[in-house]
Amino acid sequence: MADAAVKEKPASAPETEQELTDGFHLIIDALKLNGVKTIYGVPGIPITDFGRMAQASGIRVLSFRHEQNAGYAASIAGFLTKQPGICLTVSAPGFLNGLTALAHATTNCFPMILISGSSEREIVDLQQGDYEEMDQLAIAKPLCKAAYRVLHAADIGIGIARAIRAAVSGRPGGVYLDLPAKLFGQVMPAEAGRKSLVKVIDAAPAQIPAPEAVKRAIDVLKSAKRPLIILGKGAAYAQADDAIRTLVEKTGIPFLPMSMAKGLLPDTHPQCAGAARSTVLKDSDTVMLIGARLNWLLSHGKGKAWGEAPKKFIQVDIEPKEMDSNVEIAAPVVGDIGSCVKALIDAMGSAPPKAPADWTAAVSAKREENVAKMAPRLMNNNVPMDYHGALGVLRSIVKERPDAILVNEGANALDLTRGIIDMYQPRKRIDVGTWGVMGVGMGYAIGAAIETAKPVLAIEGDSAFGFSGMEIETICRYRLPVCVVIFNNDGIYRGTDVNQGGGTDPATTVFVKGARYDKMIEAFGGVGVNATSPDELKRAVNAAMDSGKPTLINAVIDPGAGSESGRIGNLNPQSKLKKK
Ligand code: OXT
Ligand code: ADP
Ligand code: MG
């Protein structure tokens, strides 16, 4: 560290003669130099003035009601833009609130930087009880990809450069940057400060796969009788949309999109196997994973969901350690998805491996059967609404507005929306991700509206919404084009549970019956609508999407309509004693 350059007061010249800068300005200059346009956070000691100055400098600084939501906004900004989303928090409690989102970003492979003010090192390290005392760096370290602390103003440029590079290079993830309160006011000569800043060059360099890995993958594909491509959110993140489409169409191989990869190719594409999921997992003999991990969402690549027949896996991923994590990978292709897919296409040349016609016909037949089975349920106009009736109208609205961003969380509200609403464009569906976490809703809606300037439709379970509901004030304050539809079935999974102890407390999964969430947004000047039928719901959503006004629609769903944990009820442990 260039300690000599950093002084509380410059030694060489009186203050009047030398242009000075300080920590506040250097952080802002370093962020701007690296193209940061937006900061998501909550103000307070020691970062309030920093937020003001950043706003004055032209950075968009969005203040939230809770840091976790600001963090989720930053994390989804990272997914949508391939640039690290920035979240700014105060020390200890604010930092901890933001940390959940940082861990979430890391788990989901989204680039994000949590910048947190912190208390005085000398006092914190001696545990002498400082204001908001906490050893934040130590706590953040195991929960993110990298964690750094900057103690001297002259190191701010390097600190921010390291954070950016760590977040976006290789497998993207969350980075923590600790900025103690004292740093902000540290003064140094302006010229030396300018020179200390670093513009990160080629932060996420292409990682070209080995030619023999590419050849091996093609050989495996050539021997396949029933090949399948699984597209994950890494493929959506990579923004290699045209190359992926070319690979899929050149080979004619059916593709299965994971939730946030829906729309990479349209769900209505003839090769889409989304509506034949069980069949393709069970019956395929060769599976090429592109930016998808064989984690719980894919039953770890083995067991009942994958059927009896032996499978060969090809995996395209930037993270070499991902290979063989759950099952043997016959053909690992390590590199960035854009480079890997291009290399595969080039190596295939004019003789690509082709999916056999009997296999593609079998997949199509299954898909058509499932789609036909679902169709009549989507046309019901039941009152109270069930999920299918409500989603039937929302499905048409998304079809008519394919560039809108769909945010989705809940259990039934999540699983049924995922299955029913077709997506048509890449990176338009954002949801609970790898952890199945509730609470991303309003943060994601705000982040998506800000980063894309597109209208946002958030379909939320009533429980899911509650985790971030206060941010509707933020949505109204910034006048964002967000329409929130709450599937209100009076509770978690269902609103019909009873207290098995017979007491006066309600059951653990039920909420106030007949709650009117639409009234909440009216308190902040937004539009609230209570929709009791699919027709009313359709009118209200269309009006919201046309006007762009912040809107919250309380969609009244039959409290008995859902099932326990939606599609993943099998993950609940069961007590054997219960049946006695
Ligand atoms: O092939 P088959 O026959 O199997 O059929 C499949 C497809 O082929 C077919 N399909 C179609 N058919 C026709 N047409 C079309 N277009 C079509 N598309 C598909 O449909 C079936 C199903 O397809 P799918 O969905 O692709 O397949 P499947 O088998 O479901 O896939 C498996 C999975 C694992 C990939 C999938 O299920 C998945 O992605 N699941 C994610 C599940 C998830 O993450 N859930 C959220 C967590 S649940 C729980 O934890 C909750 N909590 C606890 C909690 C959490 N999470 N977080 C925090 C911070 N605190 C607590 C809480 C509190 S949920 C929750 C709140 C819930 O209450 P709400 O009020 O919010 O919500 P409601 O339930 O609505 O009340
Ligand atoms: P899903 O939940 O959709 O199945 P996952 O989050 O499990 O997706 O997997 C995403 C994978 O994509 C991760 O293993 C990550 O390393 C990988 N990945 C992310 N970005 C890239 C990229 N640009 N190139 C290659 N792989 C990537
Ligand atoms: Mg519910």
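Along each chain, residues carry numbers from 1 onward, in the same order as the chain's sequence is written. To label them, take the chains in the order written and letter them from A, then take the ligands in the order written and number them from 1. It should be noted that, the model being predicted, local features are given only for residues of pLDDT at least 70 and side-chain atom pairs only at 80 or more, the latter also being counted only at that level, while totals for whole chains, interfaces and linings use all residues. As a convention, hydrogens and water are excluded, and side-chain values are obtained from all of the structure's heavy atoms.

A.B. asks: It is not clear to me how the pattern of salt bridges should be interpreted in this structure. Could you clarify?
C.D. replies: Note on pairing: side chains with opposite charge can pair once their charged atoms come close. By definition here, a salt bridge exists when the distance from a side-chain nitrogen of Lys or Arg to a carboxyl oxygen of Asp or Glu is within 4 Å. Applying the stated rule across the entire model yields 27 salt bridges. For the salt bridge of Asp135 with Arg121, the shortest nitrogen-to-oxygen distance reads 4.0 Å. Remark: Arg121 occurs in helix α5 (residues 121-125) and Asp135 occurs in the loop between α5 and α6 (136-140); sequence separation between them is 14 residues. Look at Asp135 and you get partly exposed, because its relative accessible area is 35%. Only protein chains enter the area calculation, which uses a 1.4 Å probe; residues under 20% of their type maximum are buried, those over 50% are exposed, and those in between are partly exposed. Taking the relative accessible area as the measure of exposure, Arg121 reaches 12% and is therefore buried. Residues Asp422 and Arg395 are paired through a salt bridge, measuring 3.6 Å at the closest nitrogen-oxygen approach. Here Asp422 is found in the loop between α17 (412-420) and β15 (429-431), whereas its partner Arg395 is found in helix α16 (residues 387-400), with 27 residues between them in sequence. Judged by its relative accessible area of 14%, Asp422 falls in the buried class. When its relative accessible area of 26% is taken as the criterion, Arg395 is described as partly exposed. For the purposes of this entry, the term helix denotes a DSSP run of H or I that reaches at least four residues, the term strand denotes a run of E that reaches at least two, and both are numbered from the N terminus.

A.B. asks: Sorry if this is basic, but what is going on with the packing of α16 against helix α22 (residues 534-547) here?
C.D. replies: Any two packed helices are characterised by how steeply their axes cross, that is the angle between the axes, and by the distance between the axes. To obtain an axis, a line is fitted to C-alpha atoms, over the contacting stretch when the element is a helix, and the angle between two such axes runs from 0 to 180 degrees between their N-to-C directions. Their axes nearest at 9 Å, the elements α16 and α22 cross at an angle of 30 degrees. The angle between the axes of α16 and α22 places the two elements in the roughly parallel class. Seen along the crossing, α16 lies across α22 with a hand that is right-handed. Of α22, the residues touching α16 (which contributes Gly389, Ala390, Val393, Leu394 and Ile397) are Pro534, Leu537, Lys538, Val541 and Asn542. In this count, Pro and Cys sit with the nonpolar residues alongside Ala, Val, Leu, Ile, Met, Phe, Trp and Tyr, while Asp, Glu, Lys and Arg are called charged and the others, Gly among them, polar. Of the residues contributing to the contact of α16 with α22, the split by class is seven nonpolar, two polar and one charged. For this classification, under 35 degrees means roughly parallel, over 145 means roughly antiparallel, 65 to 115 means roughly perpendicular, and everything else is oblique. The sense of a crossing depends on the near helix, which, turned anticlockwise from the far helix by less than a right angle, makes the crossing left-handed and, turned clockwise, makes it right-handed. By definition, residues are in contact when any of their heavy atoms lie within 4.5 Å.

A.B. asks: It is not clear to me how the coordination of the magnesium ion (ligand 3) should be interpreted in this structure. Could you clarify?
C.D. replies: Sodium, potassium and calcium take a 3.2 Å donor cutoff, other metals 2.8 Å, and in both cases only N, O and S atoms count; water is not among them, so sites may look incomplete. For the magnesium ion (ligand 3), every protein donor is listed as Asp462 (OD), Asn489 (OD1) and Gly491 (O), and the spread of their distances is 2.0 to 2.1 Å. Donor residues for the magnesium ion (ligand 3) sit on one chain with the sequence pattern D-x26-N-x1-G. Residue Asp462 is found in helix α19 (residues 462-466), and its partner Gly491 is found in the loop between β17 (482-488) and α21 (518-522); the two are separated by 29 residues along the sequence. Each member of the pair Asp462 and Gly491 is classed as buried.

A.B. asks: Please clarify how the environment of Leu391 should be interpreted in this entry.
C.D. replies: Among the structural elements, Leu391 can be located in helix α16. Since its relative accessible area comes to 0%, Leu391 is described here as buried. In the structure, Leu391 is positioned 291 residues away from Thr100 in sequence and 31 Å away in space, judged by C-alpha atoms. If sequence neighbours within four positions are ignored, Leu391 has contacts with Leu416, Thr417, Ile420, Ile421, Ile459 and Phe487.

A.B. asks: Which parts of the structure should I look at to understand the layout of surface pockets?
C.D. replies: One simple way to see leftover space: roll a probe sized like a water molecule over the atoms. Using only the protein atoms, space was sampled on a 1 Å grid; points where a 1.4 Å probe fits but cannot get out form cavities, open sets with protein on both sides within 12 Å along at least five of seven lines form pockets, and lining residues are those with an atom within 4 Å of a point. Grid points are joined across faces, edges and corners, and a volume is the space filled by probe spheres set on the points. Estimates place the volume of the second largest pocket at around 370 Å³. As for the second largest pocket, its lining consists of 20 residues, of which Asn34, Gly35, Val36, Gln83 and Pro84 are closest to the centre. Contributions of two or more residues to the lining of the second largest pocket are made by β2 (38-41), α3 (67-81), β4 (85-89) and α7 (156-168). In terms of residue class, the lining of the second largest pocket is made up of ten nonpolar, six polar and four charged.

A.B. asks: Sorry if this is basic, but what is going on with the sheet that holds strand β10 (residues 255-257) here?
C.D. replies: Strand pairing within a sheet occurs via backbone hydrogen bonds; the two strands may be parallel or antiparallel. Strands were regarded as paired on the criterion that DSSP finds at least two bridges between them. Here we have five strands laid out as an open sheet, ordered β10-β9-β11-β12-β13, and parallel in their pairing. One side of each edge strand has no neighbouring strand; the edge strands of this open sheet are β10 and β13 (331-334). Mean inter-strand twist for the sheet, computed between neighbouring axes without regard to direction, equals 15 degrees. Here three bridges tie strand β9 (residues 227-231) to β10, and the two strands are oriented parallel to one another. Across the sheet, Ile230 pairs through a bridge with Leu256, a residue of β10. The strands touched by helix α12 (residues 241-251) are β9, β10 and β11 (286-290); relative to β9, the strand with the most contacts, the crossing angle is about 165 degrees.

A.B. asks: Hey, could you run me through the sheet that holds strand β14 (residues 405-409) in this one?
C.D. replies: Read from one edge to the other, the open sheet built from six strands follows the order β15-β14-β16-β17-β19-β18, with strand pairing classed as parallel. Every interior strand has two partners, whereas the edge strands, β15 and β18 (527-531), have only one. Within this sheet the neighbouring strands show an average axis-to-axis angle of 15 degrees, counted without direction. Pairing of β14 with strand β16 (residues 456-461) involves five bridges; the strand directions are parallel. Following the sheet pairing, Glu409 is matched in β16 by Glu460. Of the strands in this sheet, β14, β15, β16 and β17 are in contact with α17, which crosses β14 at around 140 degrees.

A.B. asks: Explanation requested: a nonpolar patch on the surface in the structure shown.
C.D. replies: What goes into a patch is any residue over 30% in relative accessible area without a salt bridge, connected to like charges within 9 Å or, for nonpolar side chains (Val, Leu, Ile, Met, Phe, Trp, Tyr), within 5 Å. The Shrake-Rupley method, run with a 1.4 Å probe sphere, supplies the accessible areas, and residue values consider only the shown protein chains as cover. Taken together, the side chains of Trp296, Ile568 and Leu571 define a hydrophobic patch exposed on the protein surface, amounting to about 270 Å² of accessible area. Locating Trp296 in the fold gives a position in the loop between β11 and β12 (312-317).

A.B. asks: Honestly, the environment of Leu281 in this entry has me stumped. Any pointers?
C.D. replies: Locating Leu281 in the fold gives a position in helix α13 (residues 277-283). C-alpha separation for the pair Leu281 and Val529, spaced 248 residues apart in sequence, amounts to 41 Å. Setting aside its immediate chain neighbours within four residues, Leu281 contacts Leu228, Ile230, Leu256, Ala305, Trp306 and Lys311.

A.B. asks: Quick question: what am I supposed to make of the site of ligand 2 here?
C.D. replies: Neighbouring residues of ligand 2: 20 residues in total, closest Arg171, Lys233, Arg293, Asp317 and Ile337. Residues adjacent in sequence count toward polar contacts only when both atoms are side-chain atoms; beyond that, a polar contact is any pair of N or O atoms within 3.5 Å, and within protein one must be able to donate a hydrogen and the other to accept it. Side-chain polar atom of Asp317 to an oxygen atom of ligand 2: 2.5 Å apart, as the coordinates give it. The backbone of Ile318 places a nitrogen or oxygen atom 3.1 Å from a nitrogen atom of ligand 2. Computed on the free molecule, ligand 2 has an accessible area of 580 Å², of which 97% lies beneath the protein chains in the complex. Per element, the largest residue contribution to the shell around ligand 2 is three residues, and it comes from helix α11 (residues 233-237). By residue class, the composition of the shell around ligand 2 is eight nonpolar, six polar and six charged. We call a residue near a molecule or strand whenever a single non-hydrogen atom of that residue lies within 4 Å of it.

A.B. asks: How should the pairing of β18 be read in this particular structure?
C.D. replies: Where a strand is regular, its side chains alternate between the two sheet faces. Inspection of the sheet shows β18 paired to strand β19 (residues 551-556) by five bridges, in the parallel sense. Bridge pairing in β19 links Val529 to Ile553. Where the polypeptide runs from β18 across α22 and back to β19, its parallel neighbour, the crossover connection is right-handed. Classification remark: right-handed applies to a crossover when, strands pointing away from the viewer, the course from the first strand over the helix to the second runs clockwise.

A.B. asks: Is there a simple way to think about the packing of aromatic side chains in this case?
C.D. replies: Remark: the centre distance and the inter-plane angle together describe each pair of aromatic rings, the angle taken between the planes. Pairing of aromatic side chains here covers Phe, Tyr and the six-membered ring of Trp, requires ring centres within 6.5 Å, and sorts the geometry by plane angle: under 30 degrees stacked, over 60 edge-to-face, intermediate tilted. Tallied over the entire structure, the rule returns nine aromatic pairs. Seen from their ring centres, Phe79 and Phe110 are 5.2 Å apart, and the 50 degrees between their planes marks the pair as tilted. Residue Phe79 is found in helix α3, and its partner Phe110 is found in the loop between α4 (93-108) and β5 (112-118); the two are separated by 31 residues along the sequence. Accessibility assignment for this pair places Phe79 and Phe110 in one class, buried. With a centroid separation of 5.8 Å and 65 degrees between ring planes, the pair formed by Tyr387 and Phe487 is classed as edge-to-face. A residue pair is termed long-range when its members are at least 10 positions apart, and Tyr387 in helix α16 and Phe487 in strand β17 qualify at 100 residues. Looking at Tyr387, the relative accessible area reads 4%, which means it is buried.

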